[in-house]
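This is what each chain is made of:
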Amino acid sequence: MLLCDFHIHTTYSDGAVGLRRTVDLFGQAGFDVIAITDHVVNGDNPLGKLAHRFRYSVTSDNFYRYMDHVKEEAERAWDKYGMLIIPGVEISKNHLTADQSAHILLLDIKDFIPACWSYEEIFLTAREQEALIIACHPHYMSDMSRDTLFLWNNRAKYARHIDAWEIANRDDVFNVVSLEKYPHVANSDFHRPRHLYSWKTLLNCEKNILSVKQCIKHNKGVAITLFRKSEEMKW
Ligand code: ZN
Ligand code: ZN
């Protein structure tokens with residue numbers, strides 16, 4: 001099965017590691033498929049404006065430069081490691097309360113989508129671009145300052161737009177996702193090297209973007225696994 005991580009940040013947003021070194025870390029660790037998903041933060045409130053000020057967001061100004069750089073690294077990763085890289089973003093709707101906040105991974109995105117758009121606009125435009133839509137860390141996390149509950153609380157309205165939900169993010173598992181039987185994936189939400197060791201997805205499909213998207217969407221041949229350094233395995 002393919003060892004995958006679909007949620008990875010670099011210095012294009014608030015990650016600590018540059019894109020090239022991030023690719024090498026995952027390539028050397030033996031990954032088959034990764035997605036680079038830097039934040040696109042809403043700029044329509046003080047929290048979002050702060051993220052823009054500190055350059056913790058991909059913006060309409062540098063989106064295509066970011067995409068070109070990811071594609072350039074994708075070619076290098078394929079030649080050097082046989083690793084597939086999917087270009088993506090994490091649409092980050094940050095608000096003061098967890099109930100209003102939501103983060104959404106768009107994998108295989110082609111054109112810029114602003115995070116301040118309505119959910120409907122974001123989902124429909126992502127669908128037009130044939131991007132895969134994943135609801136990130138949808139429930140309570142061990143780091144409570146990062147909780148994003150909007151999509152879970154409003155799942156009756158929005159679940160039909162969402163291809164998969166993160167059932168695990170880094171060290172946290174959201175068993176509510178399995179109770180609803182939603183399609184699921186598990187990701188690191190990589191921001192620094194130690195996050196390499198976290199929950200991951202295993203896929204039983206061919207190593208190309210179309211097969212990966214279909215496999216996640218149909219959620220057949222999908223497993224999650226805890227990827228740890230061997231000395232950290234203490235069971
Ligand atoms: Zn997030
Ligand atoms: Zn993230």
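The coordinates are above.
The residue numbering used here restarts from 1 in each chain and proceeds along that chain's sequence as written. Labels follow written order: the first chain is A, the first ligand is 1, and so on. In keeping with the model being predicted, local features are shown solely for residues with a pLDDT of at least 70 and side-chain atom pairs are shown and tallied solely at 80 or more, while totals for entire chains, interfaces and linings include all residues. Neither water nor hydrogens contribute to the side-chain values; these are computed over all heavy atoms in the structure.

**Here's the deal with the coordination of the zinc ion (ligand 1)**
Right, on to step 1. Think of the donor list as every N, O and S atom within 2.8 Å of the metal, or within 3.2 Å for Na, K and Ca; water never makes the list, so a site can look incomplete. Coordination of the zinc ion (ligand 1) by the protein is provided by Glu 90 (OE), His 103 (ND1) and His 137 (NE2), with metal-donor distances spanning 2.1 to 2.2 Å.
Right, on to step 2. If you list the donors of the zinc ion (ligand 1) from N- to C-terminus, the spacing comes out as E-x12-H-x33-H.
Right, on to step 3. A distance of 3.4 Å spans the gap from the zinc ion (ligand 1) to the zinc ion (ligand 2), which Glu 90 bridges by coordinating each metal. Taken as a pair, Glu 90 in strand β3 (residues 84-93) and His 103 in strand β4 (residues 102-107) lie far apart in primary sequence, 13 residues in all. Starting at the N terminus, helices and strands are each numbered in turn, a helix being any DSSP run of H or I of at least four residues and a strand any DSSP run of E of at least two.

**Describing the pairing of strand β6 (residues 164-169)**
Right, on to step 1. Working definition: with a 1.4 Å probe on protein chains only, accessible area under 20% of the residue-type maximum means buried, over 50% means exposed, and in between means partly exposed. In terms of burial, β6 is largely enclosed, as 6 of its 6 residues are buried.
Right, on to step 2. The rule for pairing is simple: two strands pair if DSSP sees at least two bridges between them. Sheet topology places strand β5 (residues 132-135) next to β6; 2 bridges connect them, and they run parallel. For Ile 134, the partnering residue across the bridge sits in β6 and is Ala 164.
Right, on to step 3. Where β6 meets strand β8 (residues 184-187), 4 bridges bridge the pair, whose relative direction is parallel. Residue pairing across strands places Ala 168 opposite Ala 186, the latter belonging to β8.
Right, on to step 4. Pairing analysis gives 2 bridges linking β6 to strand β7 (residues 172-173), with the strands arranged antiparallel. Along β7, the bridge assignment pairs Asn 169 with Asp 172.
Right, on to step 5. Count of turn residues in the β6/β7 antiparallel hairpin: 2 residues, of which Arg 170 carries a positive phi of about 55°.

**Considering the side chain of Thr 22**
Right, on to step 1. Mapped onto the fold, Thr 22 is located in helix α1 (residues 19-28).
Right, on to step 2. Exposure remark for Thr 22: the relative accessible area of 0% places this residue in the buried category.
Right, on to step 3. Looking at Thr 22, its side chain comes within polar contact range of the main-chain oxygen of Gly 18, at 2.7 Å.
Right, on to step 4. It only takes one pair of heavy atoms within 4.5 Å for two residues to be counted as in contact. Contact partners of Thr 22, with chain neighbours within four places excluded, come to Ile 8, Thr 10, Val 17 and Phe 190. Polar contacts, as counted here, are pairs of nitrogen or oxygen atoms within 3.5 Å of one another; within protein the pair requires one atom able to donate a hydrogen and one able to accept it, and residues that are adjacent in sequence qualify only if both atoms are side-chain atoms.

**Considering the layout of surface pockets**
Right, on to step 1. In this structure, the largest pocket spans a volume of roughly 550 Å³.
Right, on to step 2. Within this scheme a cavity is a closed region of a 1 Å grid, computed over the protein atoms alone, that accommodates a 1.4 Å probe without allowing it to escape, whereas a pocket is open but has protein on both sides within 12 Å along at least five of seven lines; lining residues each have an atom within 4 Å of a point. Around the largest pocket, the lining is made up of 27 residues, and of these Asp 14, Asn 94, His 103, Ser 145 and Arg 146 lie nearest the centre.
Right, on to step 3. If you list the elements that add at least two residues to the lining of the largest pocket, you get β2 (33-41), α2 (46-53) and β3.
Right, on to step 4. Looking at which element gives the most residues to the lining of the largest pocket, the answer is α2, with 3 residues.
Right, on to step 5. Under the convention adopted here, Pro, Cys and the residues Ala, Val, Leu, Ile, Met, Phe, Trp and Tyr are nonpolar, Asp, Glu, Lys and Arg are charged, and Gly plus all remaining residues are polar. Within the lining of the largest pocket, the residues separate by chemical class into 9 nonpolar, 11 polar and 7 charged. Grid points are joined across faces, edges and corners, and a volume is the space filled by probe spheres set on the points.

**Here's the deal with the packing of aromatic side chains**
Right, on to step 1. Aromatic pairs are defined between Phe, Tyr and Trp rings, using the six-membered ring for Trp, whenever the two ring centres lie within 6.5 Å; interplanar angles under 30 degrees are classed as stacked, those over 60 as edge-to-face, and all others as tilted. Per the counting criterion, the structure on display carries 16 aromatic pairs.
Right, on to step 2. Judged by centre distance (6.3 Å) and plane angle (35°), the ring pair of Tyr 119 and Phe 123 falls under tilted. Residue Tyr 119 and its partner Phe 123 are both found in helix α4 (residues 119-128); the two are separated by 4 residues, about one turn of the helix. Summarising the burial analysis for this pair, Tyr 119 and Phe 123 share the class buried.
Right, on to step 3. Between Phe 150 and Tyr 158 the ring centres are 5.9 Å apart and the planes differ by 45°, which places this aromatic pair in the tilted class. The burial state of Phe 150 is the same as that of Tyr 158; both residues are buried.

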